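# Summary of the model geometry
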Amino acid sequence: DGRCTASDGSVRLQGFPGGTGIRRAYASAYDPGKDTRYFPGSFTDTRSNLLISSGFAEINLHDSSGDKVTNLSSAVSVRFRADEAFWPNLRDLRADSGCLEVPRYTLDEDRADWVTEADGRLESEDGNRIPEEDFASIQDGSYTDPVFVAFETKHFSTFNCDAPVNERGCVKGC
């Protein structure tokens, strides 16, 4: 019916265009602290920023022959759950916009590097945008509902919600 959901509800896709030929979808949302073995590449982007992840998700689509499908003719809505332990890492990119925009990255599998994409947004479990006035409670962990990173995409790979850090320091010691 044009949508699919991971068995645990952590990843949701909807709005598939007709004629895609997709027969199977596999998706997982990961905990950036516990599931680092599933994180492809390093925690840096194409501009050498360090990436502090608030969650990442892998989505694999396959056609009836079992071949991987990475691009679609029109955008699909994607949502994946941000791990609660990493909510303090979330960043609102545009203060006073009325909603919470977050940095989003996609793995460029050919280059094995993380590429900045159009911003994602934070949504509640029911798919509504979370208002900016709730951001402080998300960051301090008192927000009581699940938080999802939502965006639209035509390309499928691994997605990452991060706080990029471009500051560097030197550490010396014995």
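Everything below is about the structure printed above this text.
In this report, the structure presented in the accompanying data block is examined. Quick caveat, the model's predicted, so the values are computed rather than measured.

### Some words on the pairing of strand S4 (residues 50-63)
- Where burial is concerned, most of S4 is hidden: 10 out of the 14 residues are buried.
- Here 8 bridges tie strand S3 (residues 22-30) to S4, and the two strands are oriented antiparallel to one another. Looking at the pairing, Ala-27 lines up with Ile-59 of S4.
- Pairing analysis gives 8 bridges linking S4 to strand S12 (residues 158-165), with the strands arranged antiparallel. Within S12, the position partnered with Leu-50 by the bridge is Val-165.
- Hairpin remark: S4 followed by strand S5 (residues 68-69), antiparallel, with 4 residues in the connecting loop; positive phi at Gly-66, about 90°.

### Examining the sheet that holds strand S6 (residues 71-81)
- Across the sheet, which stays open at both edges, the 6 strands sit in the order S1-S2-S6-S11-S10-S7 with antiparallel pairing between neighbours. The two strands at the open ends of the sheet, each matched to only one other strand, are strand S1 (3-5) and strand S7 (101-102).
- Summarising the sheet, S6 and strand S11 (residues 148-155) pair through 7 bridges and their orientation is antiparallel. Each residue of the ladder has a partner; that of Ser-77, found in S11, is Glu-152.

What counts, and at which threshold
- Residues numbered from 1 in each chain as written.
- Predicted model: local features only at pLDDT ≥ 70, side-chain atom pairs only at ≥ 80, totals over all residues.
- Heavy atoms only, no water.
- Buried < 20%, exposed > 50% of the residue type's maximum accessible area, 1.4 Å probe, protein only.
- Helix = DSSP H or I, 4+ residues; strand = E, 2+ residues; numbered from the N terminus.
- Pairing = 2+ DSSP bridges.

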